[in-house]
Amino acid sequence: MEKIRWGIIGTGKIAATFAKTLAAVKDAVLYAAASRTKERAQAFADEFGFAKSYGSYAELAADPDIDAVYIATPMASHFADAKLCLEHGLNVLCEKSVTLSVPQLQELLAIAKEKDVFFMEAMWMKCRPIYLQAKKWISEGRIGEVRMIKADFSNLVPYMPEDRLYRPDCGGGALLDLTVYPLTIAADILGGEPSEIICDMNISGGVDLSDTIILRYPGGAHASIFAGFELPLRNTALISGTEGSIILGDWFHCTCDAVLFDSSRNEAEKIQIPNQFTGYEYEVEEVHRCLREGRKESTLVPHSGTMEVMRLMDQCRKQCGLTFPGE
Ligand SMILES: NC(=O)c1ccc[n+]([C@@H]2O[C@H](COP(=O)([O-])OP(=O)(O)OC[C@H]3O[C@@H](n4cnc5c(N)ncnc54)[C@H](OP(=O)(O)O)[C@@H]3O)[C@@H](O)[C@H]2O)c1
């Protein structure tokens, strides 16, 4: 596999950013774009330089020359779109949150296994060098035993009833769109099943506008998380241990800098790793690496981690009585 020929499903905002990224990544080929209408697919293909355009997702899934598909549709569509591609034997990178619920994710993982293809949630944060640097500091014992994580992800998102974020039928709400990031940090770094989950959601119009979550882990470590559409926060992540702490800067999931503090709260090290392009190149490179090595699962974004976060989100929704249409 010298070059990786990419297909994209959905032609919205993140699909455009991803297409720009692919154009800059060595060995990535902008091969095909699919939309629910032929006109949008053609316009997207023309704008970004895809060789082919399809007026339905099914036509793209049936193209045997695609090496990897990126799914960039709203959350409620991920299951059907990913299933379609996996059943055609395609390797899939699917946007976050990867599905609405645990049963959907279980089914996709089973199909991926049966078809022997690659499947990964597009949890780009986990592929970014600065996040990997923070994990390296932790594994080297630089902050001692991690006892506490505090991560916020909250933006002012104006109410627009037609926007996927405010539409229950699209899997809207803060949980699957924003809260998934701080939950991913907590699950990745503290790991395992929490002994206690406390979740409070502000629910309006069938979607959660904000989530306050506390996770307690056996042994006493805990994470406290706030995310939502109602407050303009700085969105940093603090990872605190017995001998120091790490702060991932503004927009911690897409930050390029991390600061390590020692037990006296002095700055011990500060690392900055600017993006090569948009910041999404690292997840693209991870997919390329996995495909070249014949892997069906990423080591940076393993299925087990994706499932752990999906379990947490299901439990939070259950606690607060939030369901999606059709559940
Ligand atoms: N990794 C990140 O940083 C990041 C950032 C933003 C979003 N995301 C994720 O990417 C996904 C898409 O987000 P977005 O902001 O790009 O959304 P968006 O701008 O609304 O685009 C979604 C696209 O999906 C397609 N689609 C299929 N079914 C649809 C439906 N029922 N309603 C609306 N659109 C539908 C549409 O493309 P066609 O009409 O061409 O079929 C649409 O353009 C979400 O899962 C989100 O969580 C990730």
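On a predicted model such as this, the values are computed, not experimentally measured, just so you know.

Draft legend 1. View of the environment of Ser204. You can see Ser204 is positioned in strand E8 (residues 196-204). Residue class for Ser204 comes out partly exposed when judged on the 14 C-beta atoms lying within 10 Å of it. Along the chain, Ser204 and Gly173 lie 31 residues apart, while their C-alpha atoms are 9.3 Å from each other.

Draft legend 2. Just the site of the ligand, in detail. By nearness alone, 21 residues border the ligand, and Gly10, Thr11, Gly12, Ile14 and Ser35 come closest of all. Among the residues forming the shell around the ligand, the class breakdown is 8 nonpolar, 6 polar and 7 charged.

Draft legend 3. Here's a closer look at helix H2 (residues 38-48). Considered for burial, the residues of H2 that qualify are Ala41, Phe44 and Ala45. Within H2, the buried residues cover an arc of 100 degrees as seen down the axis, which keeps them to one side. In H2, the exposed positions that point more than 90 degrees away from the buried face belong to Glu39 and Asp46. Immediately downstream of H2, the backbone of Gly49 shows phi near 90 degrees, a positive value.

Draft legend 4. Spatial organisation of helix H6 (residues 129-139). Here H6 has its buried residues at Ile130, Tyr131, Ala134 and Trp137. Across the axial projection of H6, the buried residues extend over an arc of 115 degrees, all falling on one side. Exposed positions of H6 whose direction lies more than 90 degrees from the buried face are Lys136 and Ser139. Against strand E11 (237-241), strand E12 (244-248), strand E13 (257-262) and strand E14 (267-272) lie the buried residues of H6. The first or second residue beyond H6 is Gly141, which carries a positive phi of 80 degrees.

Draft legend 5. A look at the pairing of strand E1 (residues 4-9). Of all 6 residues making up E1, 5 are buried, and the element is well covered by its neighbours. Pairing geometry for E1 and strand E2 (residues 28-34), over 6 bridges, is parallel. Bridge pairing in E2 links Ile8 to Ala33. With respect to chirality, the unit in which E1 leads through helix H1 (residues 13-24) into the neighbouring parallel E2 is right-handed.

Draft legend 6. Seen up close, the sheet that holds strand E9 (residues 207-216). Within the open sheet, the 8 strands sit side by side as E8-E9-E10-E7-E11-E12-E13-E14. Their pairing is mixed. Bordering the open sheet on either side are E8 and E14, each of which pairs with just one other strand. On average, adjacent strands in this sheet sit at an angle of 10 degrees to one another, irrespective of strand direction. With 5 bridges connecting them, E13 and E14 associate as antiparallel partners. Paired with Phe261 across the bridge in E14 is Glu267.

Draft legend 7. Structural view of the domain arrangement of the chain. For the chain, the assigned domains are domain 1 (4-122) and domain 2 (125-279 + 308-320). On the domain 2 side, the residues contacting the 14 residues of domain 1 number 12 residues. Breaking the side of domain 1 that touches domain 2 down by element, the ones donating at least two residues are H1, helix H4 (75-87) and helix H5 (102-115). Here the element with the most residues in the side of domain 1 that touches domain 2 is H1; it accounts for 4 residues.

Draft legend 8. Expanded view of the packing of H5 against helix H9 (residues 303-320). In contact at an axis separation of 9 Å, H5 and H9 are set at 160 degrees when each is read in the N-to-C sense. In terms of orientation, H5 and H9 fall into the roughly antiparallel class. On H9, the residues that touch Val102, Leu105 and Leu109 of H5 are His303, Thr306, Met307, Met310, Arg311 and Asp314. Split into classes, the residues belonging to the contact of H5 with H9 amount to 5 nonpolar, 2 polar and 2 charged.

Draft legend 9. Local environment of the sheet that holds strand E5 (residues 91-94). One open sheet holds the 6 strands; their spatial order is E3-E2-E1-E4-E5-E6, and the pairing between them is parallel. In this open sheet, the two edge strands, each paired with only one partner strand, are strand E3 (52-54) and strand E6 (119-121). Ignoring strand direction, the axes of neighbouring strands in this sheet form an average angle of 20 degrees.

Draft legend 10. Broad picture of the pairing of E11. Residues of E11 alternate between two faces, with Ala237, Ile239 and Gly241 buried on one and Leu238 and Ser240 left unburied on the opposite face. By the bridge criterion, 5 bridges tie strand E7 (residues 146-154) to E11 in an arrangement that is antiparallel. Residue pairing across strands places Ile149 opposite Ile239, the latter belonging to E11. Sheet topology note: the E11/E12 ladder contains 5 bridges and is antiparallel. Bridging across to E12, Ser240 finds its partner in Ser245.

Parameters and conventions
- Residues numbered from 1 in each chain as written.
- Predicted model: local features only at pLDDT ≥ 70, side-chain atom pairs only at ≥ 80, totals over all residues.
- Helix = DSSP H or I, 4+ residues; strand = E, 2+ residues; numbered from the N terminus.
- Buried ≥ 20, exposed ≤ 12 C-beta atoms within 10 Å, placed from the backbone.
- Near = placed C-beta within 6 Å.
- Nonpolar A, V, L, I, M, F, W, Y, C, P; charged D, E, K, R; others polar.
- Arc of directions from axis to C-beta.
- Contact = placed C-beta atoms within 7 Å.
- Pairing = 2+ DSSP bridges.
- Right-handed = clockwise from strand over helix to strand, strands pointing away.
- Axes fitted to C-alpha atoms, helices over the stretch in contact; angles between N-to-C directions.
- Domains from an automatic or database assignment.
- Parallel < 35°, antiparallel > 145°, perpendicular 65-115°, else oblique.

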